[in-house]
Each structure stands twice: as C-alpha cells, then as structure tokens.
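Overview (structure and organization)
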Amino acid sequence: MNALAKGISDGGIVTWRNLMNVRRNPDWLMAATLQPIMFVLLFAYVFGNAIGGEAGGAAYREFLIAGIFAQTVAFNSAFTVIGFANDLQKGIIDRFRSLPMSRIAVVLGRTTSDLVVSVVALIVMSACGLLVGWRIRGSFWDALLGYLVMLMFAWALSWVGALIGLAARSVEVAQSAGLIWMFPLSFISSAFVPTDTLPAFLKAIADWNPFTAVINATRDLFGNRFGAPPTGWPAEHAALYAILCCLAIIAIFAPLATARYRRVASK
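Residues numbered from 1 in each chain as written. Predicted model: local features only at pLDDT ≥ 70, side-chain atom pairs only at ≥ 80, totals over all residues. Heavy atoms only, no water.

**A closer look at the overall build of the protein**
- Tallying secondary structure elements over the protein gives 13 helices and zero strands in all.
- When the helices and strands of the protein are placed in sequence order, the string is α-α-α-α-α-α-α-α-α-α-α-α-α.
- Taking all 267 residues of the protein together, the buried fraction comes to 49%.
- The long-range fraction of contacts in the protein, counting pairs at least 24 apart against all pairs at least 6 apart in sequence, stands at 83%.
- Of the roughly 12500 Å² that the protein leaves accessible, carbon and sulfur atoms contribute 69%. (Helix = DSSP H or I, 4+ residues; strand = E, 2+ residues; numbered from the N terminus. Buried < 20%, exposed > 50% of the residue type's maximum accessible area, 1.4 Å probe, protein only. Contact = heavy atoms within 4.5 Å. Areas by Shrake-Rupley, 256 points an atom, 1.4 Å probe, with all protein chains shown as cover.)

What follows is the structure, given as structure tokens:
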C-alpha cells in the first residue's frame, strides 16, 4: 500500500475514533448547534426589523442565514483546536506515535471528523432557517453547490484549527486561541450587514475577507438577495474567489499542521 492510500485508510480509522468520542460526549454537538440557533433568533427577531425595516424583516432573515452558516462552520474549527490540545494533554498523541500508522492520518482524521460535525450543524441550521422564514430561491444544483462551498470552507478552517491546537500548550490556552481570531473574521464581513454600510477602511477589508466571499457565494447560489447587489471583483466573482481562498488556506495550513504534528509526535 502506497503512502497516500495508507494515509487515507489510517485517517478513516482516526475519523471514526473521533466521531465515537462525539457520540460519547454529545455536549460537543450541542455546543456546535445551540449557539448558532441563538444567533439566528437574536439577529432575526431582535435586530431584524431595525436593520431590514418592518417590511424588510423577512428579506433580512433570508440574508442572515448564509452568514450564520459561515459563522457556524468557522466556529466549529475551535473543536479541532480543543480536540488536538486535549489529545496532547492526555498523552493520546504519544500512543498514536507508537502505532504503525501514517503521520498525516491523525491530522486528516481530526479535520475530517470535524467536517462531519459541520455537516450535522448545517442540517440543524437549515431546519432552523426554514422555521424563521428562510427559503432557497435557486435551483437544487445551485443550492447543493452552495452547501459544498460552505463545507469546503469548514474543512479549510479546520486545518488552521489543527495548527493552533498542536501549538497550544494547554486546553485552556487552546479554548481562547481557537476562538479569538474568529470574531474579527466573522464580524468584519457581510455576515450580518451589507459591507456598503461599513466605514470605508473596514469595507475594503470586509470585501476581500474570505468569510465574505463564502457568504456572498452561498447567497448567490441560494438566491437570497437583500438590498443592492454588492460590487467589486470579489463580490462579482464570489464563488470563484471563495473556492480560491479555501484552496489557498488548505495549501498553506495543511503542510504547516502536518509538519507541526511530526515535530510534536517526535518528541
């Protein structure tokens, strides 16, 4: 068996092991779904009329859901951070090191299992969105592509989480480090308001933010419009830019996370 096939095979075993841990600790899955539901209800019904107007509240709720989807899968990368930090602290990585398995399998298995958690979270969030009035206005294939772009983004960010988790010195540090960078990424974007409403210097950042690209691409594919369509190259080529951003994140952070795991496992 060649190295790639062995890495995928071993990664599948590690993925299954991590999913069994989620089953034994359902509070992880609850945390991945309850917080986004609270954000939907908060923004849809507390801020919705203020932002969208009395007549535009329903349109704003459709606009909101793609942003909540992206925030949900981004915040789920914190589970990758905490999962690795927890395995390091408990000595699980040392046990993996003693097994005849591919070095990339542990990192691949962790990111893949957290991708499965993101799939479950998106299903729950879609049901919640339907309850508050969100609808997919595009075709079935456009909607499917929208979900795939969102999951590609989730998997890309999990590699960032893997690197942070392997670099963290404790679970407590990992909990902070895994979330603190998410807040500017998610809020300086088109997640909750159109970028045209932001100050000029923040608008420039938000327009090129990969988070915004994924959200705009998903909105376009779902057919969820609100206000004037965004302008500029990133917005006009949102799907292409979103995919390029995801590929760039994976190309940068997958080798870094794998190299970091090799250094940690060799100690």
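**Details of the environment of phenylalanine 69**
- Following the sequence through the fold, phenylalanine 69 ends up in helix α3 (residues 57-75).
- Overall, the relative accessible area of 1% leaves phenylalanine 69 in the buried class.
- Residues phenylalanine 69 and tyrosine 147, 78 residues apart in the sequence, show an inter-C-alpha distance of 9.3 Å.
- Sequence-distant contacts of phenylalanine 69, that is, excluding residues within four places in its chain, are made with Leu122, Met125, Ser126, Trp134, Tyr147, Met150 and Phe222.

**So, the packing of aromatic side chains**
- A complete count under the given rule lists 15 aromatic pairs for this structure.
- Ring geometry for phenylalanine 69 and tryptophan 134: centres 5.6 Å apart, planes at 80°, overall edge-to-face. Residue phenylalanine 69 is located in helix α3, and its partner tryptophan 134 is located in the loop between α6 (103-131) and α7 (140-167); the two are separated by 65 residues in the primary sequence.
- Tryptophan 134 sits in the buried class, given a relative accessible area of 1%.
- On the numbers, 6.4 Å between centres and 10° between planes, the contact of tryptophan 208 with tryptophan 233 is stacked. Note that tryptophan 208 is positioned in helix α10 (residues 200-208) and tryptophan 233 in helix α12 (residues 233-236), a separation of 25 residues in sequence.
- With relative accessibility at 38%, the residue tryptophan 233 sits in the partly exposed group.
- Taken together, Phe69, Trp134, Tyr147 and Phe222 form an aromatic cluster joined through their ring pairs. (Phe/Tyr/Trp six-rings, centres within 6.5 Å; stacked < 30°, edge-to-face > 60°.)

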